[in-house]
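In case you want the letters, here they are:
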Amino acid sequence: MAKPFTPKVVTANALIEGDVVYLTEGDRWTRDLTLAELIEDEAIADERLLFASAQTETVVGVYLAEAIPGESGPEPTHFREDFRRTGPSNYFHGKQAELHDV
Amino acid sequence: MYSYSEFDAGFVAERNRQFRAQVERRVAGHLTEEEFKPLRLMNGLYLQLHAYMLRVAIPYGTLNSRQMRQLAMIAERWDKGYGHFTTRQNIQFNWPKLPDVPDMLDALAEVEMHAIQTSGNTIRNVTADHFAGAAADEVADPRPVAELLRQWSTDHPEFQFLPRKFKIAVTGAENDRAVIRAHDIGLQIVERDGEIGYRVIVGGGLGRTPMIGKVLSDFVPQADLLPYVEAVVSVWNLLGRRDNKYKSRIKITVHEHGIEEIKARVEERFALIRPTFSGIDTVLFEEIKAAFAPSAFREASTAVYETAYKTDPIFRAWADTNLAEHRAPGHAIVQVSLKAHGATPGDATAEQMRVLADLAERYGHDELRISHEQNVILPHVHKSDLPGIHATLKKHGLATANIGLISDIIACPGMDYCALATARSIPIAQQIAERFDELKLEHEIGGMKIKISGCINACGHHHVGHIGILGLDRAGVENYQITLGGDHTQEAAIGERTGPGFSAEEIIPAVERLVYAYLDLREGPEETFLAAYRRVGMAPFKAALYEKKEAYAAE
């Protein structure tokens, strides 16, 4: 039996800056995971992934990342996604230092 | 030092011009990522976890002050004010933006540097002993041959689409400081009956399947070296497996075919191509060698040094730990630690780079080296200048007296930056260094190599660490495996796994237990951790790790 679908967000890296971005419900890219669209349906996830993957002039390396609903929006389930939404742990650089929309 | 010829400068300028146009086409949407990716990788540009990363080659780890200042400028202008020196004598900039990269490459070209072949399935930056030209135990300076190999391998038409990447390291001394037995080809300069030649070691490598290199030839004369190396790469280029990237490196080819068969094939190929080498390579080699001719070392009193050594205990501790023997009387090799306790191994700020450049210019024959152990070397310093150098280093957080000690840790960038990583490395290195500094134990422990990798690819050389740490993802949690008894020197050995791994919280206490077990069982301070491990084997360390947690806890 296929594994039941678990919620996802669409994520990628921005082409110009290279930093981590997430797809919003409004078809925009955001740097803030809590503003991302949490997709709970597999068919919709596939469709959103296709939609995002076509935006080759804006983003690179589009994929679906596991997420769960949190108090203020989607939250990561895996430590890799947690680092991606935050930045490195040795310096206060990356997302933790600078959060603004594309 | 070698200076670019007109040809070198023209080649780099042309490549930079091409890449600038490629970036413009990518940004304008005329190239897809699929088309662009191999082009950016050919120019050292990766896309990492949080940003792009530009990897710049520092050929055989040698820099002059002008180059170091330019790296500082690049770090400030296009990055976040620092650079990361790697185990392959490269510098990585972690935060460039795509449209800025062509300008960064032009800035590098101004000081005869580039990022070509720092990625992709090509022959990578040729690395060398960081004491080259200065070491007391050296047969000959390995940099001229490394430069010859750099010129030969750069844009070599036969070797642009190899089965996988290919790494060459050279040492000029019997004491191997360049880890040549863990490279695809390791070269050791040797002397036989007054003639200089090369011992050629092949098929070493770390990564998923670690192997110690095997001797392919004990002596290749200077005039035959380039055709011989070309024959090796050529044989592997045809024989190496392209069906499975985990089996494509030459270590697997050597393992699968056996060293004797490889030797026979290399000799056959060598016989075929040797006549096509007209001798221009040996002429070129002599020219390169002249560029590396040592400058005159001054003769002066070392009284200032001796007084400082006697009267200043901080200077003495630094001198005892961070200096190495120079071949010229009255001189020393200064190892500048980029491992201040709690800092990121291998990182230098732009300010620190400028300080090092100034010191090299003022006191060090304008030479700097980057070691595979992620430190910076001032290779030629007169001892009378050491107190002044130390005082300057101290002001800029560069005087940590820990070379070769437990806090002088190699660590790859790990999951703090790297897209391939399965766990973080940097925080583990930071915590180990801080913990042993707090315990004030590191000088008592003595020589110790801890090497940490954040994934199986082993950029942090964990397999050859006395204590190796490998970070993995175990069911969604960072987990750290320990290996013991690795050795990166001429007695190269792959470390042995102790058993189950430890969580991020457990790994520091686990290392502490290993160290206490060692201090308990060593025969005296002269018996290093590695020597003790070789004498007693795994059992007592395993017991300390898994059975005697309480005995060593909370000491």
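If you're wondering where the values come from, they're calculated on a predicted model, not measured in any experiment.

**Q** Residue-level account of the overall build of chain B, with values.
**A** Across its full length, chain B holds 19 helices and 21 strands. For a compact globule of 555 residues, the expected C-alpha radius of gyration is about 24 Å, and chain B comes in at 23 Å, within 12% of that figure. Projected onto the principal axes, the alpha-carbon positions of chain B cover approximately 65 × 60 × 60 Å. Out of the 555 residues belonging to chain B, those deemed buried represent 54%. Of the contacts made within chain B by residues no fewer than 6 positions apart, 68% connect residues no fewer than 24 positions apart.

**Q** So, the nonpolar core: which residues are in play, and what are the values?
**A** All names here are of chain B. Core analysis: the biggest nonpolar cluster contains 174 residues, and Val232, Leu356 and Leu514 have the highest contact counts within it. The biggest single contributor to this core is helix H6 (residues 225-239), with nine residues. Not counting residues up to four positions away in its chain, the partners in contact with Val232 are Ile185, Val202, Leu216 and Val266.

**Q** Residues and numbers for the interface of chain A and chain B, please.
**A** At the junction of the two partners, chain A supplies 22 residues and chain B supplies 23 residues. Taken together, the elements giving at least two residues each to the side of chain A that touches chain B come down to strand E4 (59-70) and helix H2 (79-86) of chain A. The element that contributes the greatest number of residues to the side of chain A that touches chain B is H2(A), accounting for four residues. Residue composition of the side of chain A that touches chain B, grouped by class: seven nonpolar, 10 polar and five charged.

**Q** I'd love a proper account of the sheet that holds strand E3 (residues 62-63) of chain B, names of residues and values included.
**A** All names here are of chain B. What the five strands build is an open sheet, ordered E3-E14-E15-E12-E11; its pairing is antiparallel. Of all strands in the sheet, those bounded by a partner on one side alone are E3 and strand E11 (323-325). Looking at chain direction, strand E14 (residues 368-370) and strand E15 (residues 376-382) are connected through two bridges and run antiparallel. Note that in E15 the partner of Ile370 across the bridge is Val376. Here helix H12 (residues 350-363) sits on the sheet in contact with strand E12 (331-336), E14 and E15, set at roughly 25° to E15.

**Q** Provide a residue-level description of the confidence of the model for chain B, including the pertinent values.
**A** Considering every residue of chain B, the mean pLDDT works out to 96; 99% of them sit at 70 or more. Interface confidence in the predicted complex, given as ipTM, is 0.95; pTM for the same model is 0.96.

**Q** I'd love a proper account of unusual backbone geometry, names of residues and values included.
**A** Residues and elements named next belong to chain B. A positive phi angle, near 60°, is found at Asp155, a position not held by glycine. In this structure, Asp155 sits in the loop between helix H5 (143-153) and strand E7 (168-171). The exposure class assigned to Asp155 is partly exposed, which follows from the 14 C-beta atoms found within 10 Å. For Ala475, which is not glycine, the phi dihedral falls at a positive 50°. Along the chain, the position of Ala475 falls in the loop between strand E18 (467-474) and strand E19 (477-484). For Ala475, a count of 5 C-beta atoms within 10 Å translates into the label exposed.

**Q** Give a description of the environment of A:Thr6 that names residues and reports values.
**A** Residue and element names in this part refer to chain A. Residue placement: Thr6 occurs in the segment before strand E1 (8-14). Thr6 sits in the partly exposed class, given 13 other C-beta atoms within 10 Å. For the pair Thr6 and Glu47, spaced 41 residues apart in the sequence, the C-alpha separation amounts to 16 Å.

**Q** Which residues make up the pairing of strand E4 (residues 82-85) of chain B, and what are the values?
**A** Residues and elements named next belong to chain B. What you see with E4 is no split at all: Tyr82 and His84 on one side and Gly83 and Phe85 on the other are buried throughout. Relative to strand E13 (residues 347-349), E4 is paired through three bridges, and the arrangement is antiparallel. Within E13, the residue paired with Gly83 across the bridge is Ala348. Pairing of E4 with strand E5 (residues 90-93) involves two bridges; the strand directions are antiparallel. When the sheet's bridge partners are listed, His84 is paired in E5 with Gln92. Counted between consecutive antiparallel strands, the loop separating E4 from E5 contains four residues, among which Gln89 sits at a positive phi close to 55°.

**Q** Hey, could you go over the environment of B:Val202 for me, with residue numbers and the actual values?
**A** Note on placement: B:Val202 falls in strand E9 (residues 195-202). Separated by 12 residues in the primary sequence, B:Val202 and B:Lys214 place their C-alpha atoms 5.4 Å from one another.

**Q** Give a detailed account of H2(A), specifying residues and quantitative values.
**A** Residues of H2(A) that are buried include every one of A:Arg80, A:Phe83, A:Arg84 and A:Arg85, and no others. Two residues or fewer after H2(A) comes A:Gly87, characterised by a positive phi angle close to 120°.

**Q** Would you mind going over the packing of H5(B) against helix H9 (residues 280-291) of chain B in detail, with residue names and values included?
**A** All names here are of chain B. Interhelical geometry of H5 versus H9 gives an angle of 130° and a closest axis separation of 9 Å. The orientation of H5 relative to H9 falls into the category oblique. For H5 against H9, the interelement crossing comes out right-handed. Mapping the contact onto sequence places Pro144, Glu147 and Leu148 in H5 and Asp281, Leu284, Phe285, Ile288 and Lys289 in H9. Residues that form the contact of H5 with H9 fall into these classes: five nonpolar, no polar and three charged.

Conventions we followed
Residues numbered from 1 in each chain as written. Chains lettered and ligands numbered in written order. Predicted model: local features only at pLDDT ≥ 70, side-chain atom pairs only at ≥ 80, totals over all residues. Helix = DSSP H or I, 4+ residues; strand = E, 2+ residues; numbered from the N terminus. Rg over C-alpha atoms; globule rule 2.2 N^0.38 Å. Buried ≥ 20, exposed ≤ 12 C-beta atoms within 10 Å, placed from the backbone. Contact = placed C-beta atoms within 7 Å. Core = buried A, V, L, I, M, F, W, Y, C linked by C-beta atoms within 7 Å. Nonpolar A, V, L, I, M, F, W, Y, C, P; charged D, E, K, R; others polar. Pairing = 2+ DSSP bridges. Axes fitted to C-alpha atoms, helices over the stretch in contact; angles between N-to-C directions. pLDDT = per-residue confidence, 0-100. Parallel < 35°, antiparallel > 145°, perpendicular 65-115°, else oblique. Left-handed = near helix turned anticlockwise from the far one by under 90°.

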